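Structural overview
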Amino acid sequence: MTDIHALYAVSPLDGRYGSRTKPLTPYVSEAALMRARVRVEVEYLLALADLGATPLELESDERNYLRGLYESFDEEDAELIKTLEIEGYGGFDATNHDVKAVEYFVRHHLRDGSEASPWIHFGLTSEDVNNLAHRLLVRGAVEDVLLPALYDLRDTLTEMAQEHRDVPMLARTHGQPATPTTFGKECAVYAARLGRATARVSTATDALSGKLGGASGTYAAHVAAYPDVDWRAFAREFVTGLGLEFTPLSTQVNPCDDLAAVFDAFRGVNNVLLDLDLDVWLYVSDRYLGQEAVEGETGSSTMPHKVNPIDFENSEGNLSKANADLTFLADYVTTSRLQRDLSDSTVKRNVGAAFAHCLIGYGKTQVGLEKVVPNETVMREALQDTPAIIGEAVQTILRREGRDDAYEQVKALTRGREVTLEDFHDLFADLEVSEDVREELMALRPETYVGVASELVDGLEE
């Protein structure tokens, strides 16, 4: 049954495509951000207890209890944080501040008699919590959702490359008939490109970095309280303990060059897949690829015979929208007025939308690739109907034999006119070459003129 709420969603990401974007919910929703903030606050509290300079002591059972606040975080917890922010609760006034509401949430759950309350959010600015929380979520979304989808796509392209490595196909350069290739080799090109682009995403994600330097990045509040503590070393250990690299120099804001690198890397991935979507669309249009019809699916509202390449078109639209969002994000998050302004706060809440469009696009390309089947008969007929494409081989062999007019001879025969294999054979018959060379020329066929295309597929394993 249709979810009636989805029909009234402001965005198709939560409406029409809600089932496709759901895997991202644990990483890009507001509840996910709340949970990540709780995690940072709790782990920071535990790190202060381990510091030794503070009088804070937490026994193992209380540590486990505190970690349970984010490990078992649920809808009820998220609603409580929102209540603390908007209305106030349990003796806490409304904060109108989402990070302060998280602090109050942790305080609200402290056990009776706990001395930890003053140490929650000790010396921190909101951005110390936010910058770490956002990066933990981005890393999770990338590693747990987006990269696996891309690996599946690359595996599909690799399998197609292997399966169809020997299927000859007319290539087109500038849209015109060109030296033949194989369908498998073309799949291998995209598999290789996607592999490299995906590796750049992984590298950029591994380099996500966090800061913990206070309101202006100077550790001033921490030093004021405990001047003898090496707070820079403490911050480094804390941030790296979360699995992030450490940003030693910052304003209140963690410079977001690392996030921009992730967004740019995803644009690179999406550009590869946009190129793939367009090529497959054209192959379908040329009938080089057929599509398996889905039972009960309508291709056209007026033309019943049609099986449209809708998956690739949908992917193209979503990946284009994703790239527009990713470009905006990468450009925007790397700037901040002086030491801090809040404009990036609302912008970063839209990272999930960009990732969601990516995920939809990846899924649609995957579904589309699983439907297409090479039409080998049409491909061979196209090759046989375009014998002029062996002209490259002819003039190259004649050059090898010392004929400096080889290019001009073939050009005179083929350029701007229809030719047949017989026309080539007549040319070969009149050439002053050895019989071995003549036989070599006579054996040329468009469907076999594919070089080492089949062997190139093996390069995916190198």
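Going by the structure above, here's the rest.
Just so it is clear, the model here is predicted, and its values are computed rather than measured.

Calculation criteria
Residues numbered from 1 in each chain as written. Predicted model: local features only at pLDDT ≥ 70, side-chain atom pairs only at ≥ 80, totals over all residues. Heavy atoms only, no water. Helix = DSSP H or I, 4+ residues; strand = E, 2+ residues; numbered from the N terminus. Rg over C-alpha atoms; globule rule 2.2 N^0.38 Å. Buried < 20%, exposed > 50% of the residue type's maximum accessible area, 1.4 Å probe, protein only. Contact = heavy atoms within 4.5 Å. Areas by Shrake-Rupley, 256 points an atom, 1.4 Å probe, with all protein chains shown as cover. Lys, Arg positive; Asp, Glu negative; His and termini not counted. Charge placed at Lys NZ, Arg CZ, Asp CG, Glu CD. 1 Å grid on protein atoms, 1.4 Å probe; cavity = no way out; pocket = protein on both sides within 12 Å on 5 of 7 lines; lining within 4 Å. Points joined across faces, edges and corners; volume = space filled by probe spheres on them. Nonpolar A, V, L, I, M, F, W, Y, C, P; charged D, E, K, R; others polar. Pairing = 2+ DSSP bridges. Polar contact = N/O pair within 3.5 Å; in protein donor to acceptor, adjacent residues only side chain to side chain. Patch = residues over 30% accessible without salt bridge, like charges linked within 9 Å, V, L, I, M, F, W, Y side chains within 5 Å. Salt bridge = Lys/Arg side-chain N within 4 Å of Asp/Glu carboxyl O. Disulfide = S-S within 2.5 Å.

Re the overall build of the protein
Scanning the protein from terminus to terminus reveals 20 helices and eight strands. For a compact globule of 462 residues, the expected C-alpha radius of gyration is about 23 Å, and the protein comes in at 31 Å, more than 25% above that figure. The proportion of buried residues among the 462 residues of the protein is 50%. Long-range pairs, those at least 24 residues apart, make up 77% of the contacts in the protein with a sequence separation of at least 6. In the form shown here, the protein has an accessible surface area of approximately 23100 Å², with 48% of it arising from carbon and sulfur atoms. Positive and negative side-chain charges of the protein, numbering 43 and 79 respectively, have mean locations separated by a distance of 4 Å.

What about the layout of surface pockets?
What the largest pocket holds in volume is close to 620 Å³. Along the wall of the largest pocket there are 20 residues; nearest its centre are Pro177, Ala388, Ile389, Thr414 and Arg415. Those elements that place two or more of their residues in the lining of the largest pocket are β4 (176–182), α16 (391–400) and α17 (406–414). At four residues, the largest contribution of residues to the lining of the largest pocket is made by α17. Tallied by class, the residues present in the lining of the largest pocket amount to seven nonpolar, seven polar and six charged.

A few points about the pairing of strand β3 (residues 168–173)
Relative to β4, β3 runs antiparallel, the two sharing five bridges. Bridging from a neighbouring strand, methionine 169 pairs with threonine 181 of β4. Linkage of β3 to β4, two consecutive antiparallel strands, is achieved through a turn of two residues, within which histidine 174 is found at a positive phi near 60 degrees.

Concerning the environment of glutamate 103
For glutamate 103, the location among the structural elements is in helix α6 (residues 98–108). Assessed through its relative accessible area of 2%, glutamate 103 is described here as buried. For glutamate 103, the residues in contact, after removing those within four places along its chain, are Ile120 and His121. Looking at glutamate 103, its side chain comes within polar contact range of the side chain of lysine 100, at 2.9 Å.

Section: a negative patch on the surface
Negative charge collects at one region of the surface, where Asp152, Asp155, Glu159, Glu163 and Glu370 lie side by side. For the negative patch, the leading source of residues is helix α7 (residues 126–163), giving four residues. With respect to the secondary-structure elements, glutamate 159 resides in helix α7.

Topic: the environment of phenylalanine 122
On the secondary structure map, phenylalanine 122 appears in the loop between α6 and α7. Here the alpha-carbon distance between phenylalanine 122 and glycine 184, two residues 62 residues apart in the chain, equals 59 Å. Here phenylalanine 122 is in contact with Tyr44, Leu48, His222, Ala225 and Tyr226, once residues within four sequence places are set aside.

Here's the deal with the pattern of salt bridges
Applying the stated rule across the entire model yields 27 salt bridges. We note a salt bridge from lysine 364 to aspartate 311, for which the minimum N-O separation is 3.9 Å. Taken together, the residues span a long stretch of sequence, with lysine 364 in helix α14 (residues 351–371) and aspartate 311 in helix α12 (residues 310–332) at a distance of 53 residues. The two residues lysine 364 and aspartate 311 agree in class, both being buried. In this structure, a network of salt bridges that share partners links the residues Glu127, Arg340, Asp344 and Lys348.

Some words on the state of the cysteines
Applying the stated criterion across every chain, the model contains zero disulfides. The thiol of cysteine 358 is unpaired, and the distance to the nearest cysteine sulfur, on cysteine 256, comes to 18 Å. Residue class for cysteine 358 comes out buried when judged on its relative accessible area of 0%.

Quick word on the side chain of threonine 125
Residue position: threonine 125 is located in the loop between α6 and α7. In contact with threonine 125, other than residues within four places in its own chain, are Lys211, Gly214, Ala215 and Gln252.

Just geometry here; none of it tells us what the structure is for.
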